[in-house]
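As a plain string of letters, each chain reads:
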Amino acid sequence: QKEVEQNSGPLSVPEGAIASLNCTYSDRGSQSFFWYRQYSGKSPELIMFIYSNGDKEDGRFTAQLNKASQYVSLLIRDSQPSDSATYLCAVYILTGGGNKLTFGTGTQLKVEL
Amino acid sequence: NAGVTQTPKFRILKIGQSMTLQCAQDMNHNYMYWYRQDPGMGLKLIYYSVGAGITDKGEVPNGYNVSRSTTEDFPLRLELAAPSQTSVYFCASSRLAGSDTQYFGPGTRLTVL
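From a predicted model like this one, the values you see are computed outputs, not experimental measurements.

Visitor: I tried to follow unusual backbone geometry on my own but got confused; where do I start?
Guide: Excluding glycine, most residues fall at negative phi; most peptide bonds, likewise, are trans. Backbone torsion omega between Gly9(A) and Pro10(A) reads 10 degrees, so that peptide bond is classified as cis. Inspection of the secondary structure assignment puts Pro10(A) in the loop between strand S1 (4-5) and strand S2 (11-14). The peptide bond linking Thr7(B) to Pro8(B) adopts the cis configuration, its omega dihedral lying at -5 degrees. As for its position among the elements, Pro8(B) is in the loop between strand S1 (4-7) and strand S2 (10-13).

Okay, structure coming up:
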């Protein structure tokens, strides 16, 4: 089992719809979860972080965390063409050298006009 | 604040050549990281540093070396470049370790021919 798993996509949604991006992780003890957005040829850019179970909202973005199910998701409301990018889920995983930020391979989102 | 800066943006090396990728941050972060990202793959940690004079190996350190003489700078050295080192390299920094947001530089795209 991969430490952080995401569906690679592409996930295609029409403009104005809700995009739902999902991520599962292997370390039940993980406490910190991040969503990064990465445009083609660019570096990862932080969208949101979440530490507690439940929902966290920031503008059109909502992060959802369920530690019991080891599942974190990102909802994007009113999706815009500018949201088309790869979304990376990142989780701090305990390793022999301490907690390391471990990335999923990313989900490519395409918002269509 | 410039955040995290990296130079060069692009570089082509011949097999066996050496080079140093530069990384600097002006956020007074103690923790700095080097990642590589291959197409369709998540970011892999190469080396990290918890402060000036202290570095440690990440997941994929072979073929690389680092040093950290100041809080601001964290160069990555490639000795005897190989085609397997063709990748995009990202430097990142964080204020705290183990749970904090990591901020990324713009990346260096390296091709070894």
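Visitor: Would you mind showing me how to read the state of the cysteines here?
Guide: By definition, a disulfide links the sulfur atoms of two cysteine residues through a covalent bond. The full count for this structure, using the stated rule, is two disulfides over all chains. The disulfide partner of Cys23(A) is Cys89(A), and the S-S distance across this bridge is 2.1 Å. Across the S-S bond linking Cys23(A) and Cys89(A), the dihedral sits near -70 degrees, which makes this disulfide left-handed. With Cys23(A) in strand S3 (residues 19-25) and Cys89(A) in strand S9 (residues 85-95), this residue pair connects regions lying 66 residues apart in the sequence. According to the relative accessible area criterion, Cys23(A) is buried, its value standing at 1%. Residue pairing for Cys23(B): its cysteine sulfur links by disulfide to Cys91(B), the two sulfurs lying 1.8 Å apart.

What counts, and where the lines are drawn
- Residues numbered from 1 in each chain as written.
- Chains lettered and ligands numbered in written order.
- Predicted model: local features only at pLDDT ≥ 70, side-chain atom pairs only at ≥ 80, totals over all residues.
- Heavy atoms only, no water.
- Helix = DSSP H or I, 4+ residues; strand = E, 2+ residues; numbered from the N terminus.
- Disulfide = S-S within 2.5 Å.
- Buried < 20%, exposed > 50% of the residue type's maximum accessible area, 1.4 Å probe, protein only.

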